[in-house]
Amino acid sequence: MADRPVVLRGARLVDPVEELDAVLDLRLAEGRIAAVGEGLAEPGDRVVDVDGLVAAPGFCDMHVHFREPGLEYKETVASGAAAAVAGGFTAVACMANTDPVNDSPSVTAHIRQLAEQAGLAHVHPIAATTQGMAGERISEFGSLKEAGAVAVSDDGLPVGDPAVMRKALEYSRLHDLPVIEHCETLELTGEGAMREGAYAAWIGLPGIPAASEFIAVERNIALAEITGARLHIAHLSTARSAAAVRRAKAAGLRVTAEVTPHHLVLTEEAVGDYDTAAKMKPPLAADADREALLTAIADGTADAIATDHAPHHEDEKRLCFQSAPFGIVGLETAVPLVLDRLVASGAISLARAVRLLATGPRRILGLPGGDLRPGSPADITLLDLEATSTIDPESFRSRGRSTPFAGLSLKGQVAATWVGGREVYSRNAGR
Amino acid sequence: MRHLLGIRGLTPEEALGILDEAPRYQDVADQPVPRVPVLVGRTVTHLFMEPSTRTQASFQLAAKRLSAEPLSFVPKSSSLTKGETFLDTARTLASMAPDIVVVRSAESGAPHVLAREIPTAQVINAGDGISEHPTQALLDAFTIRKHLGRIAGVRVTIIGDLLHSRVFRSNARLLTMLGAEVRCCGPPTLVPPGLDRLGVRSLLHLGEALEGAEAVMVLRIQHERMHASFIPTEREYYREFGLTGERLARTDNAIVLHPGPLNRGVEISSEVADGPRSVILDQVRNGVAVRMAVLAEIARSSPRSHRTDG
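Treat the numbers as computed from the prediction; the structure is a model and nothing was measured.

Visitor: Pulling in residues and values, what's your account of the overall build of chain B?
Guide: Across its full length, chain B holds 13 helices and 9 strands. Taken over C-alpha atoms, the radius of gyration comes to 19 Å for chain B, in line with the 19 Å a tight globule of 310 residues would show. Dimensions of chain B along its principal axes, counting C-alpha atoms only, are 55 × 45 × 35 Å. When burial is assessed residue by residue, chain B has 49% of its 310 residues classed as buried.

Structure (C-alpha cells):
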C-alpha cells in the first residue's frame, strides 16, 4: 500500500535553486514533492507540524567509504546508511576501495542491493577508475554505469601514471561519467603522516608537503583540459589547489571540486599530542589554507562539501600516530559543523550551505533533486538551527568512532531526515 | 613530575632541578657500593621497541644504582605490524601494573600513547621516532654547564640531520628554554621547514653556523639516509658537513658533543672526536647520573610514594 501523502507544515523552506527562503508547506506524495505553498493539506493527508525548523532538499555526501563488501568490521552499507540519515544525508556516494574493489558490475549491483535492504539513504556506488585500483588498465565504465555507478574514482590510490589518467578521462566522455581524483603525489608524500610545516617540525612527525596535493591537482587539470572530460577533485586542502580549480573554472574547463568540513574548521595544530583522530588524507593544513578553502566555498570555486567519511576500527586508530590508518568519520558531524562553524559564523549563508550539501554534489553526479521543486524526489533534511548538541562518538550509528570533534558543543543540528516521502530519522523519536 | 614524555611540557624549573640534582648521583658512582636506596621496591621496566645499546645500558645502570628492580621488556617484532604489537604490548604491560616505564620506540608519540593506555604507570621517554629524546638533551645540557659553567647565553651549534633527529628536537627545546643561543645547520634536504618554531636559527652554510660557537653538537648521520637520496654519499657529507679540526678552529674554542655512536670520517673526524675539546665520553658518564636524577624525580611524584615512603 502506498504511503499516505504528507504535508510538512510551517517549516522555513530553503532552496538555493529556486532562491526560495520562506515559511511554506511542502506536500509529499508518491515519493515526490507534490506541491509547495500554503494550505496544501487535502483530506486524508497526514499533517506533520515542523514549525520552527528549516526544510532543505535532502543532503548528499558524495564522498564516503562504506567498507562493504570485505571490510565489514569497519562499516557496512547498513551502518553507513544509518549514519548518513542520522547526519541529515538522504544520499551518499560510496568509494570503490572495498574488498573486492568495486571494479565490476556485480559489486556495484551488490552494494545497491545492500542499500535497498537497509532502506534508509540512497547509496550510489562510485566504481574504480582502473581495474583492481591498480592504476594500469581502465575499468568497464559502460557496464559499471549501467549497473548503477555514478562516477569513477581510485580514491585513496591516486592514478599515478599520467597516460592512464589521460585515457580514463578520454574514455569517460563516452558515458559522461565524472572522474573523481584524490590528488596526491605519493613520491612526495613518502612516509609523511601529517602536513609538513611548523607543527610537524615542532612535534617531530614526518611531513606531507602541500605540493604532494597541488602538483597532482595541476597535472590533472591539465589532463582535463586536453581531454575535455569531467574531472572532479576530491577534498581540496591547500590554497594553491583551490587557486588552480578557480583558474580552471574561469578557463571554462569541466572541473569541479569538494571540500571537507574538517579542512574548513581545523588546522594542522589539531594533531595536538599525536591524536590519531586528526590523521587523514589530505592532512589538515595551515590556517592560510583553511581561509582559502572558506573563500572557495563562498565564491563557488568548490561545488560541494563532502565528508570523506572513512571509518576504521577503534583498535586501528588507537595506535601510535605513524602506524594508525588515515581517515576519520564525518557523516554524523558534518551538518552541525557547517551550521555552527560556517553559517552561524557568517562565512557562508544558509542557502550557500544547502547548495554545497544538496545541490552541488547531485549536479556533479547527475542525480535528480537538490531542490524543492514539485516533481523532485521527496528527500528532505529538516534542521533545527537553535538546538545545541555535543558531539558524542558513542552515539554514532557508524561503526567508526574516530573524530577530532568529540566533545565539541555546536549550535544547529539535524531534526529529521525524510527519504522518498518517509521519515527515516528523527532526533526526537516521538515525532 | 608525573612523566617525562619530552622536553615539551617541562618547565625551566623542572629542567634545572634535574640538572642541580645530577651531581649528587654522580658521586654515587665513586662509592665502594655504588647504590642508594631511592627506588627500593619499585619496578623500572625498560620497554625498548627499537634496538638501543647505549641508552638502555645507561638507564639500566641508573635504575640499579637507585636500588630499583629493573625489568627488561624487549618485544620481538613478529608478523604483526609494529603498531599492533605496541598496543598489545601496552595492554600486557598494564596488566603487570608497572611503576615506571622507560620506553624507546621508532614511533613519534609512543610515550604519549603509553601514558594514555597505562594510566597507573609513570612514563619516561628514552627516544621516540623523530620526536624527542629528553634525557639525552638533559645530559647534554648538564655537560655543557659542567664545562662552560652556564647555559644561558651560550652559543651552541647543532650540525646534521635535523629532519630525523629527536636529539636535535629535544636539545633545541631545552637549550633555548634555558637561554642558550642555538644555531643549526645541515644538508638542505635534511632541514625541515618551520624550525623557527623551535626557537633556533637555521643557517645554510656551516662556516657561518660555526662562527663563534662555544659548543658544537654533532648529530649522527644514519646510513639509510643515503639510500633515500637525502645525501649523495658519506664522502660528500664529510666534505660538506664533517666536523674537522680546521672547521672547529672557526669556533670560540668550542667543546664538542656527540650523542653516539660515532661515524668517524662521516660527521666527525677522529682528530676532533678524540681531541682535547671533545666531551663525548664525559656525556656518557653524565648520562647515568642525569638519568638517576630523572628517575628519582619521577619517583617522588609517584601515585604510590605516600605509601612506600611513609
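From this point on, the discussion continues.
Visitor: Describe the nonpolar core, listing the residues and the values that go with them.
Guide: One broad trend across soluble globular proteins is that nonpolar side chains are buried collectively. Grouped together as the largest cluster of nonpolar side chains are 246 residues, with contacts concentrated most on Ala55, Val85 and Ile126 of chain A together with Leu138, Val216, Val256 and Leu295 of chain B. Sort the elements by how many residues they give to this core and helix α12 (residues 280-300) of chain B lands first, with 11 residues.

Visitor: Now, about the domain arrangement of chain A: what can you tell me, with residues and values included?
Guide: Residues and elements named next belong to chain A. The assigned domain composition of chain A is domain 1 (6-55 + 377-426) and domain 2 (58-365). For the side of domain 1 that touches domain 2, the element with the most residues is strand β17 (residues 409-419), which contributes 7 residues. Taken together, the residues that form the side of domain 1 that touches domain 2 break down as 15 nonpolar, 9 polar and 6 charged.

Visitor: Describe the confidence of the model for chain B, listing the residues and the values that go with them.
Guide: All names here are of chain B. Chain-level pLDDT for chain B is 92 on average; 95% of the residues reach the 70-or-more range. Residue range residues 306-310 is modelled with pLDDT below 50. Its contacts to residues more than four positions away, or to other chains, number 1 contact. The complex model carries a pTM of 0.94, and its ipTM stands at 0.90.

Visitor: How would you summarise the packing of helix α1 (residues 12-28) of chain B against helix α5 (residues 134-148) of chain B if you had to cite specific residues and measurements?
Guide: Residues and elements named next belong to chain B. The N-to-C vectors of α1 and α5 enclose an angle of 60°; their axes lie 10 Å apart at closest approach. As for how α1 packs across α5, the hand of that crossing is right-handed. Contact with α1, carried on its side by Ala15, Ile18, Leu19 and Ala22, involves Leu138, Ala141, Phe142 and Arg145 of α5 and no other residues of that element. Residue composition of the contact of α1 with α5, grouped by class: 7 nonpolar, no polar and 1 charged.

Visitor: Let's hear about the interface of chain A and chain B: which residues, and what values?
Guide: Accessible area lost when the parts come together is the quantity often used to give the size of an interface. Counting from both sides, the interface comprises 21 residues of chain A and, opposite them, 23 residues of chain B. When residues of the side of chain A that touches chain B are assigned to their parent elements, the largest contribution, 5 residues, is made by helix α6 (residues 198-203) of chain A. When grouped by side-chain class, the residues that make up the side of chain A that touches chain B number 12 nonpolar, 5 polar and 4 charged.

Visitor: Account for the environment of Val152 of chain A, naming residues and giving values.
Guide: Residue and element names in this part refer to chain A. Mapped onto the secondary structure, Val152 falls in strand β9 (residues 151-153). Residue Val152 is classed as buried on the basis of its C-beta count, with 28 C-beta atoms lying within 10 Å. Between the C-alpha atoms of Val152 and Ala22, which are 130 residues apart in sequence, the distance is 38 Å. With residues up to four places along the chain from it excluded, the contact list for Val152 reads Ile126, Ala127, Ala128, Thr129, Ser139, Phe141, Ser172, Leu177 and Val179.

Visitor: Describe unusual backbone geometry, with residues and values.
Guide: All names here are of chain A. Residue Pro100 is bonded to the preceding Asp99 through a cis peptide linkage, with omega at 5°. Residue position: Pro100 is located in the loop between β7 (89-94) and α2 (105-118). Put simply, Lys281 and Pro282 share a cis peptide bond, and its omega is -10°. Inspection of the secondary structure assignment puts Pro282 in the loop between α9 (261-265) and α10 (287-299). You will see that Met133, though not glycine, has its phi angle at about 50°, which is positive.

Visitor: Could you give an account of the sheet that holds strand β3 (residues 100-105) of chain B, naming the residues involved and the relevant values?
Guide: All names here are of chain B. Taken in spatial order, the 4 strands make up an open sheet running β2-β1-β3-β4, and their pairing is parallel. Two strands in the sheet have a free side with no partner beyond their single neighbour: β2 (69-73) and β4 (122-128). Averaged over neighbouring strand pairs, the angle between their axes works out to 15° when direction is ignored. Alignment of β3 against β4, held across 5 bridges, turns out to be parallel. Bridging across to β4, Ile100 finds its partner in Gln122.

Visitor: Requested: an account of the pairing of strand β2 (residues 20-29) of chain A, with residues and values cited.
Guide: All names here are of chain A. In this structure, strand β1 (residues 6-15) lies alongside β2, joined through 8 bridges in antiparallel fashion. Directly across from Val7, in β2, lies its bridge partner Arg27. In sequence, β1 turns back onto β2 through a hairpin of 4 residues, with Glu19 there showing a positive phi of about 50°. In this structure, β2 lies alongside strand β3 (residues 32-37), joined through 5 bridges in antiparallel fashion. Its bridge partner being in β3, Leu28 is matched across the sheet by Ile33. Counting the residues that bridge the hairpin from β2 to β3 gives 2 residues, and of these Glu30 lies at a positive phi of roughly 50°.

Visitor: I'd love a proper account of the domain arrangement of chain B, names of residues and values included.
Guide: Residue and element names in this part refer to chain B. Here chain B is partitioned into domain 1 (12-132 + 287-308) and domain 2 (134-283). Measuring from the centre of the C-alpha atoms in domain 1 to the corresponding centre in domain 2 gives 26 Å. Of the residues lining the interface, 18 residues belong to domain 1; the matching set on domain 2 comes to 17 residues. Of all the elements in the fold, those that place two or more residues in the side of domain 1 that touches domain 2 are α1, β4 and α12. Among the elements that make up the side of domain 1 that touches domain 2, the one with the highest residue count is α1 (5 residues). Per-class residue counts for the side of domain 1 that touches domain 2 are 9 nonpolar, 5 polar and 4 charged.

Visitor: Account for helix α6 (residues 166-177) of chain B, naming residues and giving values.
Guide: Residue and element names in this part refer to chain B. When the terminal C-alpha atoms of α6 are compared, their 16 Å separation across 12 residues agrees well with the 16 Å that a helix rising 1.5 Å per residue should span. The buried fraction of α6 amounts to 10 of the 12 residues, a majority that puts the element mostly inside the structure. Within the span of α6, buried status applies to Arg166, Val167, Phe168, Arg169, Ser170, Asn171, Ala172, Arg173, Leu174 and Leu175. As for α6, its buried residues are in contact with α1, β4, α5, β5 (155-159), β6 (181-185) and β8 (215-218). Backbone geometry just after α6 places Gly179 at a positive phi near 95°.

Visitor: Can you lay out the packing of helix α4 (residues 162-172) of chain A against helix α7 (residues 210-227) of chain A for me, pointing to particular residues and giving the numbers?
Guide: For any two helices packed against each other, one specifies the crossing angle of their axes together with the interaxial distance. Residues and elements named next belong to chain A. Packing of α4 against α7 leaves a shortest axis separation of 9 Å and a crossing angle of 45°. With respect to their mutual orientation, α4 and α7 come out oblique. Where α4 crosses over α7, the two elements pack in a sense that is right-handed. Residues Pro162, Met165, Arg166, Leu169 and Glu170 of α4 form the contact with α7, whose participating residues are Arg219, Asn220, Leu223, Ala224 and Thr227. The residue makeup of the contact of α4 with α7, split by class, is 5 nonpolar, 2 polar and 3 charged.

Visitor: An account of the environment of Val424 of chain A is needed here, citing residue identities and associated values.
Guide: Residue and element names in this part refer to chain A. Within the fold, Val424 resides in strand β18 (residues 422-426). Note: C-alpha distance between Val424 and Ala82 (342 residues apart in sequence) is 8.8 Å. Residues contacting Val424, with those up to four places away along its chain left out, are Val85, Leu120, Thr417, Trp418 and Val419.

Visitor: A description of the environment of Leu266 of chain A should follow, citing residues and the corresponding values.
Guide: All names here are of chain A. Inspection of the secondary structure assignment puts Leu266 in the loop between α9 and α10. Judged by the 20 C-beta atoms lying within 10 Å of it, Leu266 falls in the buried class. Considered as a pair, Leu266 and Asp287 are 21 residues apart in the sequence and their alpha carbons are 8.1 Å apart. Once you skip the residues sitting within four places of it in the chain, Leu266 turns out to touch Leu284 and Pro404.

Visitor: An account of the sheet that holds β7 of chain A is requested, with residue identities and associated values reported.
Guide: All names here are of chain A. Pairing is parallel across the open sheet formed by 8 strands, whose spatial order is β6-β7-β8-β9-β10-β13-β14-β15. The open sheet is flanked by β6 (59-64) and β15 (304-305), the only strands paired with a single partner. Both strand β8 (residues 122-127) and β9 contribute to a ladder of 2 bridges, which runs parallel. Across the sheet, residue Ala127 finds its bridge partner in β9, namely Val152. In this fold helix α1 (residues 77-86) packs onto β6, β7 and β8, with an angle of close to 135° to the strand it touches most, β7. Sitting on the sheet, α7 is in contact with β10 (179-181), β13 (231-233) and β14 (255-259), with an inclination near 165° to β13.

Rules used throughout
Residues numbered from 1 in each chain as written. Chains lettered and ligands numbered in written order. Predicted model: local features only at pLDDT ≥ 70, side-chain atom pairs only at ≥ 80, totals over all residues. Helix = DSSP H or I, 4+ residues; strand = E, 2+ residues; numbered from the N terminus. Rg over C-alpha atoms; globule rule 2.2 N^0.38 Å. Buried ≥ 20, exposed ≤ 12 C-beta atoms within 10 Å, placed from the backbone. Core = buried A, V, L, I, M, F, W, Y, C linked by C-beta atoms within 7 Å. Domains from an automatic or database assignment. Nonpolar A, V, L, I, M, F, W, Y, C, P; charged D, E, K, R; others polar. pLDDT = per-residue confidence, 0-100. Contact = placed C-beta atoms within 7 Å. Axes fitted to C-alpha atoms, helices over the stretch in contact; angles between N-to-C directions. Left-handed = near helix turned anticlockwise from the far one by under 90°. Pairing = 2+ DSSP bridges. Expected span 1.5 Å × (residues − 1). Parallel < 35°, antiparallel > 145°, perpendicular 65-115°, else oblique.

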